[in-house]
Protein chains: 2
Amino acid sequence: MAEMVKVAVDAMGGDNAPLEIVKGAVEAINEDKRVKVFLVGQEPVIKEELKKYTYDVSQLEIVHAEEVIETGEPPVMAIRRKKNSSIVKAMYMVKEGTCDAFVSAGSTGAVLVGGQVIVGRIKGVDRPPLAPVIPTLEGVSLLLDCGANVDAKPVQLVQFAKMGSIYMENVIGIPNPRVGLVNIGVEEEKGNALTKETYQLLKACDDINFIGNVEARDIPYGLADVLVCEAFAGNIVLKMYEGVSGAMMKKIKAGMMSTLRSKIGALLIKPALKKTLKGFSTDEYGGAPLLGLNGLVVKTHGSSKAIEVRHSILQCIAFKEQNINEKIREQMILDEERKKESENGI
Amino acid sequence: MAEMVKVAVDAMGGDNAPLEIVKGAVEAINEDKRVKVFLVGQEPVIKEELKKYTYDVSQLEIVHAEEVIETGEPPVMAIRRKKNSSIVKAMYMVKEGTCDAFVSAGSTGAVLVGGQVIVGRIKGVDRPPLAPVIPTLEGVSLLLDCGANVDAKPVQLVQFAKMGSIYMENVIGIPNPRVGLVNIGVEEEKGNALTKETYQLLKACDDINFIGNVEARDIPYGLADVLVCEAFAGNIVLKMYEGVSGAMMKKIKAGMMSTLRSKIGALLIKPALKKTLKGFSTDEYGGAPLLGLNGLVVKTHGSSKAIEVRHSILQCIAFKEQNINEKIREQMILDEERKKESENGI
């Protein structure tokens, strides 16, 4: 039997902790025997929550952590000072190999800082991007970077493209994923200084399937599998997704409730509509992996419910079984060798 | 009787020229006696189109322009070489005062370049932003800059905020409009180098009602009346609006057609839904003004139909009658005086 995938879960992070987190963790282990969850947080609180459920005790452990990092705290300071927090303790478990992965709905800043400072980057990775999966009409795309490190450099965007391609191919299962550069026009010469330079680097890159610029308008239609951009732009793309779809649903619901006729119609279309829209909601997917670390760190929405926590835990299986980090490591070594060769004029 | 508002209209620009452009122009003059339209383009073609309509001939003139600037042409070259194009001819009419405004659905690049090079900037305006009105759940917001000039400076964003406030207050009629800085977090210290510096300048600015950072997620909910950002970000916001709403509608329609039950429901809710969603479509508003020029230049969608052309022409009335450019000019003089005072240590 293959070794279990060990996932540390931040029982204290997010708006719905510990209730939804513990629920999602139990659901994950009940769904898949290959996972063992380590619930990290205040033991008495976690124990109380766990009373509600039945599960295979060999698949779950509690790791006590007294402190909690709040969402508003300055992340660098929090990671440095709160050594007994669930986030810091879980990060060390990944670093030391006790766990393969860490899932948290807590402070994004603390997760990003902790991932880099405690878990550490794979050698050669300049900047680990936060890479959420976003829904499209064709399926899903990976959008990276959506992290907190804005003002990235072109070479970093090329690394995002490579790591994103490895993830989409091996975790999501899309062969030869199409890489698009998020830009304000499709033509090669369009964009700002960053995208213009990045375009040329991506075009010259043999390791990926670069299809050119992708305009924001085309993102929801699924024109590319891997969407590369700097974090400021990525954040806007991601949050416009949430904002526009949320506002539209509100508007549509108001329209449906506006007349008696429409109310009856609404009752009739509800089941079909619900099913159709489900696949287009960002909540329906697991959290966003922070790629390029010596271990897997997954950040889920602060507002995550059990379903998202469960998905986030389960996606760690493919990540480990497909040896994603080993593949990223190999890519980085290859890049380093090529760099040396070109420096030596071979 | 007040002087008529004279609007040059690019009869040859856009995907639906000349048909929809001429139609929109005729609709505009038939709707409002205060407007006189100058249809600029190939006279025989325009004359042929005009045969379809009845209108007050004193409200319409044809100005012959033999050449057409295509959307794909490099804009700077096109403006320089095609002196007899509808865009260049119309721009000169605005520059020379024959017209107050110019409306075009043609090449965005050529309109932006022509506006700056031919019509010219108001003294003190560093960079004229393209400022579309976008729909929100509360009404509309002005998003600027969405132009082609990326990599703006903080002082330029402050000018956008001031010009945008003048526009929203006087053309759209929102007193003391709330100015938000498009950013990746609400806290003051969030963002990239540009937004951090801009935040401080906007905070220190007495002429506007700055309410702080606005996350992309909150834009569709109408949290701010004037949304300030650099053009790359603005373009993404605008095109995500179009993309997400378009993709969602496609998905919803598919859902409605998926079962017999839902098909019946769809028939019942259609009228109410159509009305509700109408206000949330970017097509329902006039084009985007290019603010800060010595005259008004309005760019409408390349795919504009008559309705958008009509709205774009009619919005020129408020722009002129409210003396928007005079107000921008006064603001720039005020800024210049303040700058001198502070340099002289007064």
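Residues numbered from 1 in each chain as written. Chains lettered and ligands numbered in written order. Predicted model: local features only at pLDDT ≥ 70, side-chain atom pairs only at ≥ 80, totals over all residues. Heavy atoms only, no water.

Participant: Mind showing me how you'd approach the overall build of chain A here?
Facilitator: Each helix and strand counted, chain A has eleven helices and eleven strands in total. With respect to the three principal axes, the spread of C-alpha positions in chain A is 65 × 60 × 40 Å. Within chain A, one finds 43 positive and 45 negative side-chain charges whose respective centroids are separated by 6 Å. (Helix = DSSP H or I, 4+ residues; strand = E, 2+ residues; numbered from the N terminus. Lys, Arg positive; Asp, Glu negative; His and termini not counted. Charge placed at Lys NZ, Arg CZ, Asp CG, Glu CD.)

Participant: Would you mind showing me how to read the packing of aromatic side chains here?
Facilitator: Given two aromatic rings, their pairing is described by the distance between the two centres and the angle made by the two planes. Residue and element names in this part refer to chain A. Inspection of the entire model under this criterion finds four aromatic pairs over all chains. Each ring, one from Tyr-167 and one from Phe-319, has its centre 6.1 Å from the other, and the planes form 50°; the classification is tilted. Here Tyr-167 is found in helix H6 (residues 154–172), whereas its partner Phe-319 is found in helix H10 (residues 306–321), with 152 residues between them in sequence. Overall, the relative accessible area of 1% leaves Tyr-167 in the buried class. (Phe/Tyr/Trp six-rings, centres within 6.5 Å; stacked < 30°, edge-to-face > 60°. Buried < 20%, exposed > 50% of the residue type's maximum accessible area, 1.4 Å probe, protein only.)

Participant: Explain the sheet that holds strand E2 (residues 35–41) of chain B to me, please; I cannot follow it from the model alone.
Facilitator: The pairing of strands in a sheet happens through backbone hydrogen bonds and is either parallel or antiparallel. All names here are of chain B. Pairing in this open sheet of six strands is mixed, and the strands run E3-E2-E1-E4-E11-E10 from one edge to the other. At either margin of the open sheet sits one strand with a lone partner, and together these are strand E3 (60–64) and strand E10 (288–290). Sheet twist, expressed as the average angle between the axes of neighbouring strands with direction ignored, equals 25°. As paired elements, E2 and E3 share five bridges and run parallel to each other. Bridge pairing in E3 links Leu-39 to Ile-62. Relative to strand E1 (residues 5–10), helix H10 (residues 306–321) is tilted by about 145°, and along the sheet it contacts E1, E2, strand E4 (101–104), E10 and strand E11 (296–299). (Pairing = 2+ DSSP bridges. Axes fitted to C-alpha atoms, helices over the stretch in contact; angles between N-to-C directions. Contact = heavy atoms within 4.5 Å.)

Participant: Quick question: what am I supposed to make of the packing of helix H4 (residues 86–95) of chain B against helix H5 (residues 108–119) of chain B here?
Facilitator: Helix packing for two helices is described by the angle between their axes and how far apart those axes are. All names here are of chain B. Orientation of H4 relative to H5, taken along the N-to-C sense of each, is 35°, at an axis distance of 9 Å. Where H4 crosses over H5, the handedness of that crossing is right-handed. For the pair H4 and H5, contact is made by Ile-87, Val-88, Met-91, Tyr-92, Val-94 and Lys-95 and by Ala-110, Val-111, Gly-114, Gly-115, Ile-118 and Val-119, respectively. Residues of the contact of H4 with H5, tallied by class, amount to nine nonpolar, two polar and one charged. (Left-handed = near helix turned anticlockwise from the far one by under 90°. Nonpolar A, V, L, I, M, F, W, Y, C, P; charged D, E, K, R; others polar.)

Participant: What should I look at first to understand unusual backbone geometry in this one?
Facilitator: Across the chain, the bulk of peptide bonds are trans and the bulk of non-glycine residues have phi less than zero. For the bond running from Ala-17 of chain B to Pro-18 of chain B, omega is -5°, close enough to zero to count as cis. Here Pro-18 of chain B shows up in the loop between E1 and helix H1 (19–31). Omega for the peptide link from Leu-144 of chain B to Asp-145 of chain B comes to 15°, which places this bond in the cis form. The topology assignment puts Asp-145 of chain B in the loop between strand E6 (140–144) and helix H6 (154–172). The backbone phi angle of Asp-151 of chain A is positive, close to 55°, even though this residue is not glycine. Note on placement: Asp-151 of chain A falls in the loop between strand E6 (140–144) and H6. The phi angle at Asn-323 of chain A is positive, at roughly 50°, despite the residue not being glycine. Structurally, the position occupied by Asn-323 of chain A is in the loop between H10 and helix H11 (324–343). On the accessibility criterion, Asn-323 of chain A (45% relative accessible area) is partly exposed.

Participant: Just checking my understanding: could you explain empty space enclosed by the protein for this structure?
Facilitator: If a probe the size of a water molecule is rolled over the atoms, the empty space left behind becomes visible. For the coordinates displayed, the defined rule picks out one cavity of 30 Å³ or more. Approximately 30 Å³ is the volume attributed to the largest cavity. Of the residues belonging to the lining of the largest cavity, the class tally is four nonpolar, four polar and one charged. (1 Å grid on protein atoms, 1.4 Å probe; cavity = no way out; pocket = protein on both sides within 12 Å on 5 of 7 lines; lining within 4 Å. Points joined across faces, edges and corners; volume = space filled by probe spheres on them.)

Participant: What exactly am I supposed to notice about the relation of the copies chain B and chain A here?
Facilitator: Each of the two chain copies goes to the other by way of a rotation about an axis and a shift along it. By a simple turn and slide, chain B fits onto chain A: the slide is 0.0 Å along the axis, the RMSD is 0.0 Å, and the turn is 180°. Such a turn and shift between the copies fits a two-fold axis. For chain B, the minimum C-alpha distance to the rotation axis belongs to Gly-265 of chain B and amounts to 1.9 Å. Looking at chain B, 100% of its interface residues are interface residues in chain A too, so the copies touch through the same face. (Least-squares fit on C-alpha atoms with pLDDT ≥ 70 in both.)

Participant: What is the right way to read the interface of chain B and chain A from this model?
Facilitator: Accessible area lost on assembly of the parts is the figure often given for the size of an interface. Contacts between chain B and chain A engage 53 residues on the former and 53 residues on the latter. Summing both partners gives a buried area of about 5,000 Å² for chain B against chain A, and 77% of it is carried by carbon and sulfur. Scanning the region where chain B abuts chain A turns up four salt bridges. Run the count over chain B and chain A and you get twelve residue pairs in polar contact (both at pLDDT 80 or more). (Buried area = accessible area lost by both parts, 1.4 Å probe. Salt bridge = Lys/Arg side-chain N within 4 Å of Asp/Glu carboxyl O. Polar contact = N/O pair within 3.5 Å; in protein donor to acceptor, adjacent residues only side chain to side chain.)

Participant: What is the right way to read the pairing of E6 of chain B from this model?
Facilitator: The side chains of a regular strand alternate between the sheet's two faces. All names here are of chain B. Taken across its five residues, E6 has five buried, putting it largely inside the fold. In sequence, strand E5 (residues 133–135) turns back onto E6 through a hairpin of four residues, with Gly-139 there showing a positive phi of about 150°. Sheet topology note: the E6/strand E9 (residues 226–228) ladder contains three bridges and is parallel. Residue pairing across strands places Leu-143 opposite Leu-227, the latter belonging to E9.

Participant: Quick question: what am I supposed to make of the sheet that holds strand E8 (residues 209–215) of chain A here?
Facilitator: Residue and element names in this part refer to chain A. Pairing is mixed across the open sheet formed by five strands, whose spatial order is E5-E6-E9-E7-E8. Pairing within the sheet leaves two strands with one partner each, and these edge strands are strand E5 (133–135) and E8. Averaged over all pairs of adjacent strands, the angle between their axes in this sheet comes to 35°, without regard to strand direction.

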